[in-house]
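What follows is the residue order along each chain.
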Amino acid sequence: MSATEVASQLRDFTQRLIEQTGGIIDWPADQPRGTALVPEDIASSLGQRGESFPVALSGLDAGLSVDLGGEFLDAAARTLATFVPAHGVFALPSLPVKKSSFQSVVDQAFGWQNARCSVLQGVVTPIVYHTWWFHVTLRSEDIWETLAEVTVNCDGRTCCSLDGLLDAMDLQPVSGVARAPDTTLEIAASHVQQRALLAARPFLNRMEQRLERDRQRLRQYYRALSREAAAPNRRVKTAPCPEQLAARQRAVTLELQRKLAELEERYAFDGVVRPAALAEFRVPGLAIDVRIQRKAATRTFRLFWNGIQKRLEPLRCSRCGQGAYNLWFTNDEVEPICIPCHDA
Ligand SMILES: [Zn+2]
């Protein structure tokens, strides 16, 4: 590679670096030097004091010297790593891009029971999801366990299904997570807990039946004991006096109560929902801001349109935390409430 080729590549690289970090650069190809104007944090990352500075391949007293021997490469690497996004951007050819089409997409998906909804704006954005895997254990007289998976829209704070979404996407590993795990852990865990209790219903019923069976056996056994205690002693052929009888009966009743309590304890439930793994996915989509008007009060909500699955995600119910498409709103706070919560 000749010296002029290197110079020209360095110049192109510098131009792209400045432009990708939100700056502008004026450096005509036939000029030895140019001028750059960048945001303050970029300037300082490039080792410059002011937002505007001269740029040249060499021979500068002050400004950015674009050469392979000096500090330029370090400054460029630092700036790239900090300010230029390293993950992919997806194109979405069939997005409803007009505001009027946002409105119809929203109106088709949602039922607003006692409020009016108007779309304010929609922006193309990656939607961030956390998929959690949990190990769920229910311990009673026996053990039930499962591995459960749940996906949470980090910003919408609702649980949703990713279905075959991950197969439809070209997944690229990126380092770190965009949302902290604790922003979604609780939502995911409580969802998994409800689902697990539902899935474990047959097991719970079986435990209940066993408990009832063991209770019956205990009662029968102690009824027999109690009858025996009341019967006259055949060997000595004398009936017990009423005090003795009462004392024996009391002892038998106390013993039965103790055994029943032990039984309840043995069948008591202990449930553990333990997070096993977390994966974060960024899916191309739209964030649509809507204004909900309920009587004199208004409130803005952000809805998410998943561009791969081509659907709007539900809004989070302020009472139960479940996602819902059919919503009531409270008068003053304009809190969304799902139908089951509203009916309750
Ligand atoms: Zn609800």
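Just so we're clear, the structure is a prediction, and the values are computed from it rather than from any experiment.

Chemist: Which residues make up the overall build of the protein, and what values do they have?
Modeler: In terms of regular secondary structure, the protein is built from nine helices and 15 strands. Expressed as a percentage of the 344 residues in the protein, the buried residues total 21%. When contacts within the protein are restricted to residue pairs at least 6 apart in sequence, long-range pairs at least 24 apart make up 59% of them.

Chemist: Give a detailed account of helix α6 (residues 185–199), specifying residues and quantitative values.
Modeler: Along its 15 residues, α6 runs 20 Å from first to last C-alpha, staying within 8% of the 21 Å computed at 1.5 Å per residue. Those residues of α6 that sit buried are Ile187, Ala188, His191, Val192 and Ala196. Each buried residue of α6 sits inside an arc of 155° when the element is viewed along its axis, so together they form one side.

Chemist: Account for helix α8 (residues 242–267), naming residues and giving values.
Modeler: Over its 26 residues, α8 runs 38 Å from end to end, which matches the ideal 38 Å to within 8%, given 1.5 Å per residue. For α8, the tally of buried residues reaches only zero of 26 residues, placing the bulk of the element at the surface.

Chemist: Residue-level account of the sheet that holds strand β4 (residues 64–65), with values.
Modeler: The four strands lie next to each other as β1-β2-β3-β4, forming an open sheet whose pairing is mixed. Each of the sheet's edge strands pairs with one partner strand only, and the pair in question is β1 (24–26) and β4. Bridge count between strand β2 (residues 33–37) and strand β3 (residues 52–56): five bridges; the pairing is antiparallel. By the bridge assignment, Arg33 is partnered in β3 with Ala56.

Chemist: Now, about the sheet that holds strand β8 (residues 158–160): what can you tell me, with residues and values included?
Modeler: With antiparallel pairing, six strands are arranged side by side in an open sheet as β8-β7-β6-β9-β10-β11. Two strands in the sheet have a free side with no partner beyond their single neighbour: β8 and β11 (311–312). Looking at chain direction, strand β7 (residues 143–153) and β8 are connected through three bridges and run antiparallel. Looking at β8, one finds that Thr151 is bridged to Cys160. The strands touched by α6 within the sheet are β6 (116–139), β7, β8 and β9 (270–294), with β7 carrying the most contacts at an inclination of about 135°.

Chemist: Please provide a residue-by-residue account of the nonpolar core, values included.
Modeler: By size, the foremost hydrophobic cluster in this structure holds 38 residues, and its most contacted members are Val106, Val152, Ile288, Leu303, Trp305 and Leu327. Non-local contacts of Leu327, meaning those with residues more than four positions away in its chain, are made with Trp112, Gln113, Leu315, Pro336, Ile337 and Cys338. By size, the runner-up hydrophobic cluster in this structure holds eleven residues, among which are Leu17, Ala43, Leu46 and Leu64.

Chemist: Quick rundown of the confidence of the model for the protein? Include the residues and the values.
Modeler: A low pLDDT means the predicted coordinates there should not be read in detail. On average, residues of the protein score 85 in pLDDT, and 88% of them reach the 70 mark or higher. Within the model, pLDDT remains below 50 along residues 86–93, and this stretch shows eight contacts once partners closer than five positions in the same chain are excluded.

Chemist: Pulling in residues and values, what's your account of the pairing of β7?
Modeler: Pairing geometry for β6 and β7, over eleven bridges, is antiparallel. What sits directly across from His135, in β7, is Leu147. Hairpin remark: β6 followed by β7, antiparallel, with three residues in the connecting loop. Linking two consecutive strands that pair antiparallel, namely β7 and β8, is a turn of four residues; a positive phi of about 55° is found at Arg157 within it.

Chemist: Could you give an account of the pairing of strand β14 (residues 326–329), with specific residues and numbers?
Modeler: Here two bridges tie strand β5 (residues 111–112) to β14, and the two strands are oriented parallel to one another. Considered in β14, the bridge of Gly111 is made with Asn326. Sheet analysis places β14 next to strand β15 (residues 336–338), joined by three bridges and oriented antiparallel. The residue bridging Leu327 from the neighbouring strand is Cys338, located in β15.

Conventions adopted
- Residues numbered from 1 in each chain as written.
- Predicted model: local features only at pLDDT ≥ 70, side-chain atom pairs only at ≥ 80, totals over all residues.
- Helix = DSSP H or I, 4+ residues; strand = E, 2+ residues; numbered from the N terminus.
- Buried ≥ 20, exposed ≤ 12 C-beta atoms within 10 Å, placed from the backbone.
- Contact = placed C-beta atoms within 7 Å.
- Expected span 1.5 Å × (residues − 1).
- Arc of directions from axis to C-beta.
- Pairing = 2+ DSSP bridges.
- Axes fitted to C-alpha atoms, helices over the stretch in contact; angles between N-to-C directions.
- Core = buried A, V, L, I, M, F, W, Y, C linked by C-beta atoms within 7 Å.
- pLDDT = per-residue confidence, 0-100.

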